[in-house]
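Observations on chain architecture
Each chain is listed here by its residues.
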Amino acid sequence: PRHRMNLSVVWDVPVGRDKAFGGSLPAAVDAVIGGWELAGNYRYESGQYLRFNAMIAPAEAPKVLGNVGAGNHWFDTTGFRTLPAFTRRANPWQYDGLKGPNYKNVDLALAKRVRLRGTSRLNFRIEAYNLLNNMNWAMPNTNITQSSFGQVLNQADAYFGRQLQYTLRIEF
């Protein structure tokens with residue numbers, strides 16, 4: 001991707017013993033409302049340039065349509081044709097401004113720490129990957145010999161819908 005942005009934040013909620021609010025809470029109440037931590041990550045990537053193999057292609061960049069799914073095209077494919085056999089490549093590898101879909105994702109984690117005896121603690125953590133359950137699409141097909149040329153039919157590699165993960169751990 002040409003541009004990538006990652007924003008991460010960790011917030012230790014200031015409620016409970018040894019915190020800004022509720023410093024004098026009874027131990028039972030502190031075990032419930034104190035010791036929380038919230039962490040999040042936002043990731044954005046601009047679309048990658050589309051790369052084309054040898055074909056007869058328009059001189060100007062094709063119009064970006066931005067449609068996804070079967071029967072819909074990401075870019076205008078009307079100016080493209082297959083190259084006759086034994087003909088040298090004359091088309092550009094890529095066009096400025098003709099890029100694939102962007103990638104956006106939000107992950108969030110909520111953790112709770114409870115003091116046990118001495119230095120031991122109980123940690124509970126729930127993590128939500130792809131919290132907003134957004135769909136991130138793969139690159140459009142740029143192979144002119146395939147019927148899906150110019151279409152985006154798949155989700156991005158190694159990308160899944162919302163996933164939750166729970167952890168319970170005793171530290172001593």
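Residues numbered from 1 in each chain as written. Predicted model: local features only at pLDDT ≥ 70, side-chain atom pairs only at ≥ 80, totals over all residues. Heavy atoms only, no water.

**Comments concerning the sheet that holds strand β5 (residues 163–171)**
The five strands are arranged β1-β2-β3-β4-β5 in an open sheet whose pairing can be described as antiparallel. In this open sheet, the two strands that pair with only one neighbour each are β1 (4–12) and β5. In this sheet, adjacent strand axes meet at a mean angle of 10° when their direction is disregarded. (Pairing = 2+ DSSP bridges. Helix = DSSP H or I, 4+ residues; strand = E, 2+ residues; numbered from the N terminus. Axes fitted to C-alpha atoms, helices over the stretch in contact; angles between N-to-C directions.)

**Some words on the environment of G69**
Relative to the helices and strands, G69 is located in the loop between β2 (36–45) and β3 (103–115). As for G69 and N41, which are separated by 28 residues in sequence, their C-alpha atoms are 28 Å apart. With sequence-adjacent residues up to four places away left out, G69 is seen in contact with Q151, V152 and L153. (Contact = heavy atoms within 4.5 Å.)

**Observations concerning the pairing of β2**
Two elements, β1 and β2, share nine bridges in a ladder whose sense is antiparallel. Looking at the pairing, L7 lines up with Y42 of β2. Of the strand pairs in this sheet, β2 and β3 are connected by ten bridges, and their pairing is antiparallel. Residue pairing in the sheet places R43 in a bridge with N105 of β3.

**Some points on the nonpolar core**
Judged by nonpolar contacts, L50, F52, M55, W74, F75, F80, Y95, L98, I144, F149 and V152 together constitute the single largest core of eleven residues. When neighbours within four sequence positions are excluded, M55 is seen to be in contact with F80, R81, L83, N91, T142, I144 and F149. (Core = buried A, V, L, I, M, F, W, Y, C linked by side-chain atoms within 4.5 Å. Buried < 20%, exposed > 50% of the residue type's maximum accessible area, 1.4 Å probe, protein only.)

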